[in-house]
Amino acid sequence: MVRLGNFKEITHREAREMVDCLGTALVSLLNLKGKRIAIIGENRYEWEIAYLSVVAGTGTVVPLDKALPENEIDSLIRRSEVEAIFYSGKYEPTLKRLAQDGTTKLKHLISFDAESHNDGVYAFKELIQKGKRLIDDGDIAFKEAEIDPEEMTIMLFTSGTTSASKAVALCQRNICANLMDMDRVLYPITCEDVMLSF
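Okay, so let's go over this structure. (Residues numbered from 1 in each chain as written. Predicted model: local features only at pLDDT ≥ 70, side-chain atom pairs only at ≥ 80, totals over all residues. Heavy atoms only, no water.)

Here we come to the overall build of the protein chain. Tallying secondary structure elements over the protein chain gives 6 helices and 7 strands in all. The secondary structure elements of the protein chain, listed N-terminal to C-terminal, are α-β-α-β-α-β-α-β-β-α-β-β-α. Relative to a compact globule of 198 residues, whose C-alpha radius of gyration would be 16 Å, the protein chain shows 17 Å and is just as compact. For the protein chain, the spread of C-alpha atoms along the three principal axes comes to 50 × 50 × 45 Å. For the protein chain, the residues scored as buried account for 38% of the 198 residues in total. Summarising the internal contacts of the protein chain: among those between residues at least 6 apart in sequence, 62% fall at separations of at least 24. (Helix = DSSP H or I, 4+ residues; strand = E, 2+ residues; numbered from the N terminus. Rg over C-alpha atoms; globule rule 2.2 N^0.38 Å. Buried < 20%, exposed > 50% of the residue type's maximum accessible area, 1.4 Å probe, protein only. Contact = heavy atoms within 4.5 Å.)

Let's shift gears to the pattern of salt bridges. As enumerated under the stated definition, the model contains 17 salt bridges in all. One continuous salt-bridge network, built from bridges that share partners, spans Glu70, Asp74, Arg78, Arg97 and Asp101. (Salt bridge = Lys/Arg side-chain N within 4 Å of Asp/Glu carboxyl O.)

On to helix 4 (residues 92-100), then. One turn of the α-helix equals 3.6 residues, which is why residues spaced by three or four share an orientation. Every buried residue of helix 4 is listed here: Thr94, Leu95, Lys96 and Leu98. Check the buried side of helix 4 and you find it contacts helix 3 (70-80), strand 3 (84-87), strand 4 (108-111) and strand 5 (121-123). Looking at the residues trailing helix 4, positive phi occurs at Gly102, about 75°.

With that settled, consider the nonpolar core. Among the nonpolar cores identified, the biggest contains 28 residues, and Leu22, Leu26, Phe86 and Phe124 are the most heavily contacted of them. When contributions to this core are tallied by element, the ones reaching two or more residues are helix 1 (12-29), strand 1 (36-40), helix 2 (45-55), strand 3 and helix 5 (124-136). At 8 residues, helix 1 tops the list of elements feeding residues into this core. Contacts of Phe86, omitting those with residues within four sequence positions, involve Leu22, Leu26, Ile37, Ala38, Ile39, Ile40, Ala50, Ser53, Val54, Ile110, Phe112 and Phe124. In this structure, Val62, Leu76, Ile77 and Met155 belong to the second largest nonpolar core, which totals 19 residues. (Core = buried A, V, L, I, M, F, W, Y, C linked by side-chain atoms within 4.5 Å.)

Moving on, we get to the packing of helix 1 against helix 2. Here helix 1 crosses helix 2 at 55°, and the two axes come no closer than 8 Å. By the angle between their directions, the pair helix 1 and helix 2 is classed as oblique. When you trace helix 1 past helix 2, the crossing you get is right-handed. Along the contact surface, helix 1 presents Ala15, Met18, Val19, Leu22, Gly23 and Leu26, while helix 2 presents Tyr45, Ile49, Ala50, Leu52, Ser53 and Val54. Here the residues of the contact of helix 1 with helix 2 are counted per class, giving 10 nonpolar, 2 polar and no charged. (Axes fitted to C-alpha atoms, helices over the stretch in contact; angles between N-to-C directions. Parallel < 35°, antiparallel > 145°, perpendicular 65-115°, else oblique. Left-handed = near helix turned anticlockwise from the far one by under 90°. Nonpolar A, V, L, I, M, F, W, Y, C, P; charged D, E, K, R; others polar.)

Two aromatic rings, taken as a pair, are described by how far apart their centres are and by the angle between their planes. Under the defined criterion, the tally for this structure stands at 4 aromatic pairs. Considering the side-chain rings of Trp47 and Tyr51, the 5.4 Å spacing of their centres and the 15° angle between planes classify their relative orientation as stacked. Of this pair, Trp47 and Tyr51 both sit in helix 2, 4 residues apart, which is roughly one turn of the helix. When the centroid spacing of 5.4 Å and the interplanar angle of 80° are considered together, the rings of Phe112 and Phe124 count as edge-to-face. Taken together, the residues span a long stretch of sequence, with Phe112 in the loop between strand 4 and strand 5 and Phe124 in helix 5 at a distance of 12 residues. Taken as a pair, Phe112 and Phe124 share a single burial class, namely buried. (Phe/Tyr/Trp six-rings, centres within 6.5 Å; stacked < 30°, edge-to-face > 60°.)

Listed below in structure tokens is the structure:
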């Protein structure tokens, strides 16, 4: 028998507030407006919050496959020229090495698991708290950001099964077109539907 463990319910309002707070911290504290930011980690709510905080007004998100070997992580960080990365704890040794060796643009490490800023690593939860304080003080830089639907906001890498992985540039309009086409094929999609994507 498979045990699923404990689930934490997060409402849409709570998720949106976390996105706004984290995005505000990325823009106003870390100066990442218009920059490329990677994410790597297992399936967890923090991954989604990080993703949305980048594409909803900060910069370009670069999602990395959690199953990549260290040499591929190294290669994709260099090729994508990311300046920050969100990650789960198991990737920390590799990412610290890349951030410290001076051969990449990687400046900001943001751990999903850390409790506080330590040894050059930002804590995901702490950045949300700092972003909340900025919003409470009137910072609307992230919340009022204008999004160009034609500008690249997602850089995906192909799986590289036949050769080296290739970067695919996607904009907001690309994603919206996919969603609209899904609705045409699977019509009607309702709040009762359950989707699995991997």
